[in-house]
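Residue-level structure breakdown
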Amino acid sequence: MKLDVPRFTERFGSVSLHGVQRVYELDSGHKNKNTKTESEVIRSIDDEIISKIEAEMAIVIPIKGERLKLLEGVLSGIPHDCLTIIVSNSPREPIDRYKLEKQAFEQFNRFTEKKSVIIHQKDPGLAKALEAVDYPDLFDSEGKIRNGKGEGMFIGMLLSKMMGKKYVGFVDSDNYVPGAVNEYTKIFSSGIALSSTPYTMVRVSWIYKPKISESGVRFSKLGRVSEMTNQFLNLMISYYTGFETEVIRTGNSGEHCMSVQLAELLTYSSGFSIEPYEIVNLLEQFGGITPPEHKDTMEKGVEVMQIETRNPHFHEEKGDLHIKEMFSQGWGSIFHSKLCHPELREKLKAELVSRGILDKVKEPPQLPKMRPFIDIDILKFEKILKEQTNSLTIFE
Ligand code: GDD
């Protein structure tokens, strides 16, 4: 992959937030034969480097009741050497959708001979394993694992660590274009290759999120609401630094990856607030505002890269209500952060009220948090999970 290096960087404590980088070639060839095209500002990440990183990476696919045809397409876009992990929260009644997903996955794996893992989010054995390692943060009031995309991603991260992976990436299961999924994974590896710290996050910025209507396809950029999430995150930074910024372009990006070394240090927010809160928590923990807990991370620094795709993002549209829920969750995670300036809180509230999402007198919801998994005894977790599970399947 050939891409440019970041043009500018906002530094917030030990966190370097890089501006959006552009991809010039999806495939820049085998090794750097042609060094003429290399420069200080353009980098080629050759296929050998990408393959090496892919072998160390798990790709987590959270899924809840999506069409199987879409899932099959997504699976075909994931590089062979990545470990695919499906975390499903699909209904098991009246039709067992998880069983259908597993059958489709099994069939796919038979032909591709691919290493992969599938689990159901509500597996009671998974809950027992979490209980055994003293990690109740995923449980609802009845002691069962909650619904939520963030919860699914968290389980995927734990399984990535359990399977010995160094990097963990996420792609949604409702993508119509397998080639785009493949590009996301190449972007993940290229970002990691460019990074100069073991604490890395790479976020995908979609070039277009097209809208299809009777009059044709419109290649629009980000939706207005995603723009607002970015604006709020940028304002959060500006209130601290005193300088306005537009650096954040990927506040809602479901497609992103991290080194497990960074992933295990973060606190996560439930459901659809997970993506914006990752940025908030990075700044809360490593922004130099509170005394640092992790000296090595502070010394080596955290890098956040944002890389713009060449493929447009075509995915399943879920309707207005879903969008409202998603953004009140995401904005709520910014609102309740200790980094959120009181003026920004007012702006957030006003926006939610004007969209009819929030009552004037109320505050956006504060969703449950999931603490860092660095201290979870992963060997004990694995042992209990394998003994107690009724859904985990590992395809070797
Ligand atoms: N395991 C699991 N558990 N997966 C879930 C759950 C859950 O409770 N809820 C949703 N998913 C899966 C969906 O099946 C899909 O693969 C993915 O999570 C994203 O959910 P969607 O419902 O399709 O969300 P979206 O497409 O509207 O929003 C996506 O893009 C946003 C940015 O535009 C998500 O990735 C958001 O997180 C993101 O902010």
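Points about the site of the ligand
The local shell around the ligand holds 24 residues, among which Glu66, Asp172, Ser173, Lys318 and His322 are the closest. Between the ligand and Glu66 there is a distance of 2.6 Å, counted from an oxygen atom to a side-chain nitrogen or oxygen. Interatomic distance of 3.1 Å between a side-chain N/O atom of His315 and an oxygen atom of the ligand. Those elements that provide at least two residues to the shell around the ligand are β5 (57-63), α5 (149-162) and α11 (320-335).

Here we look at the nonpolar core
Tyr268 and Phe381 are the most contacted members of the largest nonpolar core, which totals 74 residues. Non-local contacts of Phe381, meaning those with residues more than four positions away in its chain, are made with Leu126, Ala129, Leu130, Val133, Leu158, Leu159, Met162 and Ile376. Residues Ala180, Val204, Met305 and Phe395 belong to the second largest nonpolar core, which totals 36 residues.

A few points about α11
For α11, which comprises 16 residues, the first-to-last C-alpha distance of 22 Å matches the rise-based estimate of 22 Å (1.5 Å per residue) to within 8%. What α11 keeps buried is the set Met326, Phe327, Ser328, Gln329, Gly330, Trp331, Gly332, Ser333, Ile334 and Phe335. The inward-facing, buried residues of α11 contact α7 (224-241), β13 (268-269), α9 (274-286) and α12 (342-354).

Brief notes about the pattern of salt bridges
Taken as a whole, this structure holds 18 salt bridges when the rule is applied. When the shortest N-O distance is used, the salt bridge between Lys69 and Glu72 registers 3.9 Å. Linking Lys69 with Glu72, this pair stays in helix α2 (residues 68-77), spanning three residues, or about one helical turn. Its relative accessible area of 30% is what places Glu72 among the partly exposed residues. Between Arg92 and Asp96 there is a salt bridge, and its shortest N-O distance comes to 3.3 Å. Overall, the relative accessible area of 34% leaves Arg92 in the partly exposed class.

Side note on a nonpolar patch on the surface
Taken together, the side chains of Ile212, Val217 and Phe219 make up a nonpolar region of the molecular surface, amounting to roughly 310 Å² of accessible area. Checked against the element boundaries, Phe219 lands in the loop between β11 (216-218) and α7.

What to know about unusual backbone geometry
The omega angle of the peptide bond from Glu93 to Pro94 is -10 degrees, so this bond is cis rather than trans. In this fold, Pro94 is placed in the loop between β6 (83-88) and α3 (97-112). Phi at Glu113 is positive, roughly 50 degrees, even though this residue is not glycine. Considering the arrangement of structural elements, one finds Glu113 in the loop between α3 and β7 (116-120). On the basis of relative accessible area, Glu113 is assigned to the exposed category, the value being 66%. Not every positive phi belongs to a glycine, and Asp134 is a case in point at roughly 65 degrees. Within the secondary structure, Asp134 sits in the loop between α4 (124-132) and α5. By relative accessible area, which is 63% here, Asp134 ends up exposed.

Thoughts on the packing of helix α1 (residues 47-54) against helix α6 (residues 178-194)
At a minimum axis separation of 9 Å, α1 and α6 run at an interaxial angle of 100 degrees. As the angle between them shows, α1 and α6 are arranged roughly perpendicular. Between α1 and α6, the contacting residues are Ile49, Ile50, Ile53 and Glu54 on the first element and Lys186, Ser189, Ser190, Ile192 and Ala193 on the second. Grouping the constituent residues of the contact of α1 with α6 by class yields five nonpolar, two polar and two charged.

Concerning the side chain of His18
For His18, the location among the structural elements is in strand β3 (residues 15-25). Reaching out from His18, the side chain makes a polar contact with the side chain of Thr9 at a distance of 2.7 Å. Among the polar contacts made by the side chain of His18, one reaches the side chain of Glu303 at a distance of 2.7 Å. Ignoring sequence-local partners within four residues, the contact set of His18 consists of Pro6, Phe8, Thr9, Val247, Glu303, Val304, Met305 and Gln306.

Notes on the packing of aromatic side chains
All told, the structure shown has seven aromatic pairs when counted by the stated rule. For the ring pair Phe154 and Tyr268, a centre distance of 6.1 Å and an interplane angle of 75 degrees mean the geometry is edge-to-face. Of this pair, Phe154 sits in helix α5 while Tyr268 is found in strand β13, placing the two residues 114 residues apart along the sequence. With relative accessibility at 0%, the residue Phe154 sits in the buried group. Tyr268 gets classed as buried once you look at its relative accessible area, which sits at 0%. Three or more aromatic residues joined by ring pairs form one cluster here, namely Tyr135, Phe154, Tyr268 and Phe373. Its end group placed over the ring of Phe335, Arg345 keeps NZ or CZ at 5.6 Å from the ring centre. Lying over the aromatic face of Tyr277, Lys369 brings its terminal NZ or CZ to 4.7 Å of the ring centre.

Basis of the calculations
Residues numbered from 1 in each chain as written. Predicted model: local features only at pLDDT ≥ 70, side-chain atom pairs only at ≥ 80, totals over all residues. Heavy atoms only, no water. Near = heavy atom within 4 Å. Polar contact = N/O pair within 3.5 Å; in protein donor to acceptor, adjacent residues only side chain to side chain. Helix = DSSP H or I, 4+ residues; strand = E, 2+ residues; numbered from the N terminus. Core = buried A, V, L, I, M, F, W, Y, C linked by side-chain atoms within 4.5 Å. Buried < 20%, exposed > 50% of the residue type's maximum accessible area, 1.4 Å probe, protein only. Contact = heavy atoms within 4.5 Å. Expected span 1.5 Å × (residues − 1). Salt bridge = Lys/Arg side-chain N within 4 Å of Asp/Glu carboxyl O. Patch = residues over 30% accessible without salt bridge, like charges linked within 9 Å, V, L, I, M, F, W, Y side chains within 5 Å. Areas by Shrake-Rupley, 256 points an atom, 1.4 Å probe, with all protein chains shown as cover. Axes fitted to C-alpha atoms, helices over the stretch in contact; angles between N-to-C directions. Parallel < 35°, antiparallel > 145°, perpendicular 65-115°, else oblique. Nonpolar A, V, L, I, M, F, W, Y, C, P; charged D, E, K, R; others polar. Phe/Tyr/Trp six-rings, centres within 6.5 Å; stacked < 30°, edge-to-face > 60°. Lys NZ or Arg CZ within 6 Å of the ring centre and 35° of its normal.

Purely geometric stuff here, so don't read any function into it on its own.
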